[in-house]
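Listed below, chain by chain, are the residues.
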Amino acid sequence: MKAIVRDVYGPADVLELREVGKPSIGDEEVLIEVRAAGVDPGVWIFMTGLPMAVRLAAGLRRPRVAVLGRAVAGVVVAVGAGVTRLRAGDEVYGTCQSGSFAQYATARQHRVAPKPANLTFEQAAAVPISAVTALQSIRDARVQPGQRVLIIGAAGGVGSFAVQLVTVYGASATGVCGPSKIELVRSLGAEDVIDYTRHEIDRGGARYDIVVDTAGNRPLPLLRRATTRRGTIALVGGGHATGRLLGGFQRQMAAPLLSLSGSQRVLGVTARERYEDLEELTTLIEAGSVTPVIDRSYALADAPAAMRYLAQGHPAGKIVVTV
């Protein structure tokens, strides 16, 4: 099969389109014929091996899994002996084990779910990482009807889903983005938008019950100033922050200790891959309450270009690779 692989960590230049063997499945896994794969900061982290801490999971000197990619949408072509939830022919989406930038990928059955009927495979590939992260952020932050929620990075992959989910939960969303994306963020349901090139998030003082920082580059004192005295600050992601060893993940790891130093709750959000969350999102997507936003789509052979575009920062929604 054709796949985008790399033998070493590095920039997009290390990626190659090669012929590799089709992966085999275990008892609890399914084999998926890939139709589309999601591109997100996590893919960039596993490509570059930075911050260095990620290599504890991905391989110290070189990547353990040569094929790049995690989020996947496609058709099940084979199932392991212990698989009970899925069967050959099912259209599914989720996260994979063997790399999604390929014609075939393996996935554990508890990390995939039936694809929303009203989405294309391209749209579905945008959901498994970014939308699940947004859902868990909103849920872990305990968003309640009537609350005011600030979403930093509201036009990005996680942020574009978070704005919609805040509205679904009955709260008021304020998005933070650049001037070219203000109308997009408003169209997703934000009642107010802050242009970060003109105003900082603490304009007008502490106004928000919950602040969701998906960009990872705002100092904690600034986040605190924008949050009410008993509010919650949710720190999401960390791939764009500086720091060669831990990158932005150091803020998430320190979140429990940061909560002890004031009246505000500081929450470090690390997405958990579960089919139950995908099923919840499927219900919302099929009801029309949540819709993926696709910035650009690339063919499999052009995956290196997709990664270079991601590295430029600030896509409007999601980037996907079609197979």
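Nothing here was measured: the structure is a model prediction, and the numbers come from that model.

Moving on to the sheet that holds strand β10 (residues 192–195). In space, the 6 strands of this open sheet follow the order β10-β9-β8-β11-β12-β13, with parallel pairing throughout. In this open sheet, the two strands that pair with only one neighbour each are β10 and β13 (265–269). Here the average twist between neighbouring strands, direction ignored, is 20 degrees. One ladder, built from 4 bridges, connects strand β8 (residues 148–152) with strand β11 (residues 208–213); its direction is parallel. Paired with I151 across the bridge in β11 is V212. Here helix α4 (residues 130–140) sits on the sheet and contacts β11, β12 (227–236) and β13; the angle it forms with β13, its principal contact strand, is near 160 degrees. Contacting β8, β9 (172–177) and β12, helix α5 (residues 157–168) runs over the sheet at an angle of about 170 degrees to β8.

Across its 12 residues, α5 extends 17 Å between first and last C-alpha, which sits within 8% of the 16 Å expected from 1.5 Å per residue. Most of α5 is tucked away, with 10 of its 12 residues classed as buried. Looking one or two residues past α5, G170 carries a phi angle of roughly 85 degrees, positive in sign.

Quick look at the nonpolar core now. Y93, V127, V149, I151, L165, V212 and L281 are the most contacted members of the largest nonpolar core, which has 49 residues in total. Ignoring anything within four residues of it in the chain, the contact list for V149 reads V143, V166, A171, S172, A173, T174, Y208, I210 and V212. Among the nonpolar cores identified, the runner-up in size contains 19 residues, and A12, V43, A303 and V321 belong to it.

Along the chain, the position of E29 falls in strand β3 (residues 29–39). An unpaired buried charge is present at E29: no salt bridge exists, and R108, the closest side chain of opposite charge, is 4.6 Å distant. For E29, the side chain forms a polar contact with the main-chain nitrogen of G26, separated by 2.8 Å. Apart from the residues lying within four places of it in its own chain, the contact partners of E29 are S24, V79, G80, V83, Q97, T106, A107, R108 and Q109.

For the rest of this paragraph, the subject is the pattern of salt bridges. Evaluation of the coordinates by the stated rule reveals 16 salt bridges. For K2, the salt bridge identified is with E19, shortest N-O distance 3.3 Å. Of this pair, K2 sits in strand β1 (residues 2–5) while E19 sits in strand β2 (residues 16–19), and the two are 17 residues apart along the sequence. As a salt-bridge pair, R218 and E200 come within 3.2 Å of each other at their nearest N and O atoms. On the criterion of sequence distance, the pair formed by R218 in the loop between β11 and α7 (220–225) and E200 in the loop between β10 and β11 is long-range, its members being 18 residues apart. Given a relative accessible area of 12%, R218 falls into the buried group.

Tracing the chain through its elements places C177 in strand β9. Between the C-alpha atoms of C177 and E279, which are 102 residues apart in sequence, the distance is 29 Å. Look past the residues within four positions of C177 in its chain and what remains in contact with it is A155, I182, V185, V193, I194, D195 and Y196.

Moving on to the packing of aromatic side chains. One pass over the full model with this rule turns up 0 aromatic pairs. Cation over ring: R85 sits above Y275, and NZ or CZ is 3.7 Å from the ring centre. K115 extends its terminal NZ or CZ atom over the ring of F121, reaching a point 5.1 Å from the ring centre.

The subject of this paragraph is the packing of α4 against α5. In the contact formed by α4 and α5, the axes pass within 8 Å of each other and the chain directions differ by 45 degrees. Relative to α5, α4 is oriented oblique. Crossing handedness for the pair α4 and α5: right-handed. From α4, S130, A131, T133, A134, L135 and I138 reach across to α5, where they touch G157, V158, F161, A162, L165 and V166. Each residue belonging to the contact of α4 with α5 can be placed in one class, and the counts come to 9 nonpolar, 3 polar and no charged.

Criteria and cut-off values
- Residues numbered from 1 in each chain as written.
- Predicted model: local features only at pLDDT ≥ 70, side-chain atom pairs only at ≥ 80, totals over all residues.
- Heavy atoms only, no water.
- Pairing = 2+ DSSP bridges.
- Helix = DSSP H or I, 4+ residues; strand = E, 2+ residues; numbered from the N terminus.
- Axes fitted to C-alpha atoms, helices over the stretch in contact; angles between N-to-C directions.
- Contact = heavy atoms within 4.5 Å.
- Expected span 1.5 Å × (residues − 1).
- Buried < 20%, exposed > 50% of the residue type's maximum accessible area, 1.4 Å probe, protein only.
- Core = buried A, V, L, I, M, F, W, Y, C linked by side-chain atoms within 4.5 Å.
- Lys, Arg positive; Asp, Glu negative; His and termini not counted.
- Salt bridge = Lys/Arg side-chain N within 4 Å of Asp/Glu carboxyl O.
- Polar contact = N/O pair within 3.5 Å; in protein donor to acceptor, adjacent residues only side chain to side chain.
- Phe/Tyr/Trp six-rings, centres within 6.5 Å; stacked < 30°, edge-to-face > 60°.
- Lys NZ or Arg CZ within 6 Å of the ring centre and 35° of its normal.
- Parallel < 35°, antiparallel > 145°, perpendicular 65-115°, else oblique.
- Left-handed = near helix turned anticlockwise from the far one by under 90°.
- Nonpolar A, V, L, I, M, F, W, Y, C, P; charged D, E, K, R; others polar.

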